[in-house]
Amino acid sequence: QPIIGTETALSVIPRGSGNGFAHHMNIEQDVINCIKNLNHSTISEVDSCTANGKPFINVSGIGFDAQVIEETTWEQKKILGPMAYIMTAMKVLADKPPKMRIVCDDGHVEEGFCALAGNGSLYGGQVKLFRKADHADDMLDMLVFTEAGYKLIRDSVKGLATGAIDAG
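Here we summarise the structure given alongside this text. From a predicted model like this one, the values you see are computed outputs, not experimental measurements.

1. Some details on the layout of surface pockets
By volume, the second largest pocket amounts to about 1000 Å³. Considering the residues around the second largest pocket, the lining is formed by 28 residues, among which Ala 9, Leu 10, Ile 43, Ser 44 and Glu 45 are closest to the centre. Split into classes, the residues belonging to the lining of the second largest pocket amount to 13 nonpolar, 12 polar and three charged.

2. Things to note about the sheet that holds strand β9 (residues 141–145)
Taken in spatial order, the three strands of this open sheet run β3-β6-β9, and their pairing is antiparallel. The open sheet has two edge strands with one neighbour each: β3 (59–63) and β9. Put simply, the sheet's adjacent strands are angled 10° from each other on average, direction ignored. Taken together, the five bridges between strand β6 (residues 114–118) and β9 define a ladder with antiparallel strand orientation. Residue pairing in the sheet places Gly 118 in a bridge with Asp 141 of β9. Lying over the sheet, helix α3 (residues 64–71) contacts β3 and β6, oriented at roughly 100° with respect to β3.

3. Examining the environment of Thr 50
With respect to the helices and strands, the residue Thr 50 is situated in strand β1 (residues 49–51). Residue class for Thr 50 comes out exposed when judged on its relative accessible area of 58%. Linking Thr 50 and Ser 60, residues 10 residues apart in sequence, is a C-alpha distance of 9.0 Å. If sequence neighbours within four positions are ignored, Thr 50 has contacts with Pro 55 and Phe 56.

Parameters and conventions
- Residues numbered from 1 in each chain as written.
- Predicted model: local features only at pLDDT ≥ 70, side-chain atom pairs only at ≥ 80, totals over all residues.
- Heavy atoms only, no water.
- 1 Å grid on protein atoms, 1.4 Å probe; cavity = no way out; pocket = protein on both sides within 12 Å on 5 of 7 lines; lining within 4 Å.
- Points joined across faces, edges and corners; volume = space filled by probe spheres on them.
- Nonpolar A, V, L, I, M, F, W, Y, C, P; charged D, E, K, R; others polar.
- Pairing = 2+ DSSP bridges.
- Helix = DSSP H or I, 4+ residues; strand = E, 2+ residues; numbered from the N terminus.
- Axes fitted to C-alpha atoms, helices over the stretch in contact; angles between N-to-C directions.
- Contact = heavy atoms within 4.5 Å.
- Buried < 20%, exposed > 50% of the residue type's maximum accessible area, 1.4 Å probe, protein only.

This is the structure we're talking about:
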């Protein structure tokens, strides 16, 4: 049953590997306490977004990001936690990912190896990748990585450290 566009409330119980949306919305991280407090929760309206016909409310990625997520198994995440994604990313970086073109509604074109759309600020649960993102501002923040391999990692770490990754 669809809930987007209705008055139906959705409760979020944090069970993901990063829980970025739950962290951003200050949702109780302990599952038992979260369930106990459902009747006392605050209802917040958030923007919904769509990528390739599939809805999302926090972050969506294509290219390198999507490949890493697809290739990281549940078993790896259970054993290694968030480190599982880093291990898979190192493996994926060894291959040269295909380049893509992103065409904006206004005709602006970007080419890159990875694109991330952020409706929320947190990526992977802990990394404040989209510092200006707000789940209720009717805007979607975009980040396109134009370089692959070690340059993607170098530029990402530099941008996160300086706060310049989303300065534009």
